[in-house]
Amino acid sequence: MQVPLYQAKAEFFRMLGHPVRIRVLELLQSGPMPVRDLLAEIDIEASNLSQQLGVLRRAGIVVSLRDGSTVSYALAGGDVADLLRAARRILTELLAGQSELLAELRQAGPESDRRADTDTDGDTDTRAGAGARAGSGGRAVERAEACGEP
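Bear in mind that the values here come from a model prediction, so they are computed numbers and not experimental data. Residue positions are given per chain, counting from 1 as you read along its sequence in written order. Reporting of local features is limited, given that this is a predicted model, to residues whose pLDDT is at least 70; pairs of side-chain atoms are given and counted only at 80 or more, and all residues count toward the totals for whole chains, interfaces and linings. Each side-chain value is worked out from all heavy atoms of the structure, with water and hydrogens disregarded.

Draft legend 1. View of the packing of aromatic side chains. Here a Phe, Tyr or Trp ring, Trp counted by its six-membered ring, pairs with any other such ring whose centre lies within 6.5 Å, and the pair is stacked when the planes are under 30 degrees apart, edge-to-face when over 60, and tilted otherwise. Taken as a whole and judged by the stated rule, the model has one aromatic pair. Ring centres of Phe12 and Phe13 lie 5.5 Å apart, and the angle between their planes is 75°; on these two criteria the pair is classed as edge-to-face. Among the residues examined, Phe13 registers a relative accessible area of 48% and is labelled partly exposed. Whether a residue is buried, partly exposed or exposed follows from its accessible area with a 1.4 Å probe, protein chains only, as a fraction of its type maximum: under 20%, in between, or over 50%, in that order.

Draft legend 2. The arrangement of unusual backbone geometry in detail. For Asp43, which is not glycine, the phi torsion reads 60° and is therefore positive. Checked against the element boundaries, Asp43 lands in the loop between α3 (35–42) and α4 (46–58). Since its relative accessible area comes to 68%, Asp43 is described here as exposed. Note on conventions: DSSP H or I runs of at least 4 residues are helices, E runs of at least 2 residues are strands, and numbering of each starts at the N terminus.

Draft legend 3. Spatial organisation of the nonpolar core. Grouping buried Ala, Val, Leu, Ile, Met, Phe, Trp, Tyr and Cys residues that are joined through side-chain atoms within 4.5 Å yields what is termed a nonpolar core. In this structure, Val24, Leu25, Leu28, Leu38 and Val62 are the most contacted members of the largest nonpolar core, which totals 21 residues. If you list the elements that add at least two residues to this core, you get α1 (5–16), α2 (19–28), α3, α4, β3 (70–75) and α5 (79–108). Ranked by the residues each element gives to this core, the list is headed by α2, at five residues. Residues count as neighbours in contact if any of their non-hydrogen atoms are within 4.5 Å of one another. With residues near it in sequence (within four places) discarded, Leu28 still touches Met33, Leu38, Val62, Tyr73, Ala74 and Leu75.

Keep in mind these numbers describe shape, not what the thing actually does.
Next up, the structure:
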């Protein structure tokens, strides 16, 4: 029985879902690195790094290269680097949006949360009441009010 594509994708992202693995992949974007350099950059126990490199190698994401007694690792292909760059762009956009919201909240201050707003029909709603209308039940409240119901 073949695994559905969505399940294979979930397993792929689960395999990537460890901070050490992500850090290894980030470091390997600039080219092959000896294990000793990876250890120095990541600052973890050698056994832990070896375990994480094994997961990546078995998944086919990285390849090991031997030059005498030195073992280096490299990305198996450029698609992983593209994925990491895409993740960076997505996170940057998400965090930028969150920081803009945080700045707005800080600028508005606590008084604005209690201040009343006048909506389009002239009624006065508190911010909490107006915010509640924006939720999934907001459309039902607006329809009921349009029909004259409270």
